[in-house]
Amino acid sequence: MNKILVSACLLGQNCKYNGGNNYNEKVIDFLKDYEVIPVCPEVAGGLPIPRIPCEILDGVVINKEGESKDKEYRSGSELCLGKALEENVDLAILQSRSPSCGANRIYDGSFSGKLIEGKGVFAQLLIDNGIKVLDSEDIEDHKN
Ligand code: SF4
């Protein structure tokens, strides 16, 4: 069976910065014939739930109070990359707009809600390691 790595919050796991999730029925429907490997790179990097939201500014992950969380983001992403490689996943489906998982657009680092073209730390790391990545906003209804 083909394997898909998925942002755990898309499956309903409460690992989001605010303690909630991003449950996504389209994604869950798409996954029904695949083996699912859930990961949350921020939690893997040792960050708590809930946590202060982060954005990427000039290539560095900072939280809303201006503290760098770059080390945690990068170490968590490396751990989850290890999982993806170990499981030999065929694809990753990642939560939109996250500074870790966003694959199309991310916030610009000003904490003002402005989106720019760009990728989160984890999405970029997967791509750099040859893993195909899809942003959850690109998953269409998959009815059959
Ligand atoms: S790091 Fe990714 S999996 Fe974890 S809560 Fe954020 S978007 Fe979801």
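Residues numbered from 1 in each chain as written. Predicted model: local features only at pLDDT ≥ 70, side-chain atom pairs only at ≥ 80, totals over all residues. Heavy atoms only, no water.

Draft legend 1. Geometry of the overall build of the protein. When you go through the protein residue by residue, the secondary structure sums to 4 helices and 8 strands. Since a compact globule built from 144 residues should have a radius of gyration of about 15 Å, the 14 Å found for the protein is in line with a globular shape. Considered along the principal axes of its C-alpha atoms, the protein spans approximately 45 × 30 × 25 Å. For the protein, with 144 residues in total, the buried portion stands at 45%. Residue pairs in contact within the protein that sit at least 24 positions apart in sequence constitute 64% of those at least 6 positions apart. (Helix = DSSP H or I, 4+ residues; strand = E, 2+ residues; numbered from the N terminus. Rg over C-alpha atoms; globule rule 2.2 N^0.38 Å. Buried < 20%, exposed > 50% of the residue type's maximum accessible area, 1.4 Å probe, protein only. Contact = heavy atoms within 4.5 Å.)

Draft legend 2. Looking closely at the packing of helix α3 (residues 70-87) against helix α4 (residues 121-128). Running from N to C, α3 and α4 point in directions that differ by 40 degrees, and their axes come no closer than 9 Å. Put simply, α3 runs oblique to α4. As for the relative orientation of α3 and α4, their crossing is right-handed in sense. For the pair α3 and α4, contact is made by Tyr73, Arg74, Ser77, Glu78, Cys80, Leu81 and Ala84 and by Val121, Phe122, Leu125 and Leu126, respectively. Each residue belonging to the contact of α3 with α4 can be placed in one class, and the counts come to 8 nonpolar, 1 polar and 2 charged. (Axes fitted to C-alpha atoms, helices over the stretch in contact; angles between N-to-C directions. Parallel < 35°, antiparallel > 145°, perpendicular 65-115°, else oblique. Left-handed = near helix turned anticlockwise from the far one by under 90°. Nonpolar A, V, L, I, M, F, W, Y, C, P; charged D, E, K, R; others polar.)

Draft legend 3. Expanded view of the site of the ligand. Around the ligand there are 14 residues in total, and Cys9, Cys15, Cys40, Glu42 and Cys101 lie nearest to it. For the shell around the ligand, the per-class residue count stands at 7 nonpolar, 4 polar and 3 charged. (Near = heavy atom within 4 Å.)

Draft legend 4. View of the pairing of strand β5 (residues 91-94). Alternating positions in β5 separate into two faces, Leu91 and Ile93 on one and Ala92 and Leu94 on the other, with burial throughout. The pairing of strand β1 (residues 3-7) with β5 spans 3 bridges and is classified as parallel. Within the sheet, the bridge partner assigned to valine 6 lies in β5 and is isoleucine 93. Note that β5 and strand β8 (residues 133-135) share 3 bridges and pair parallel. (Pairing = 2+ DSSP bridges.)

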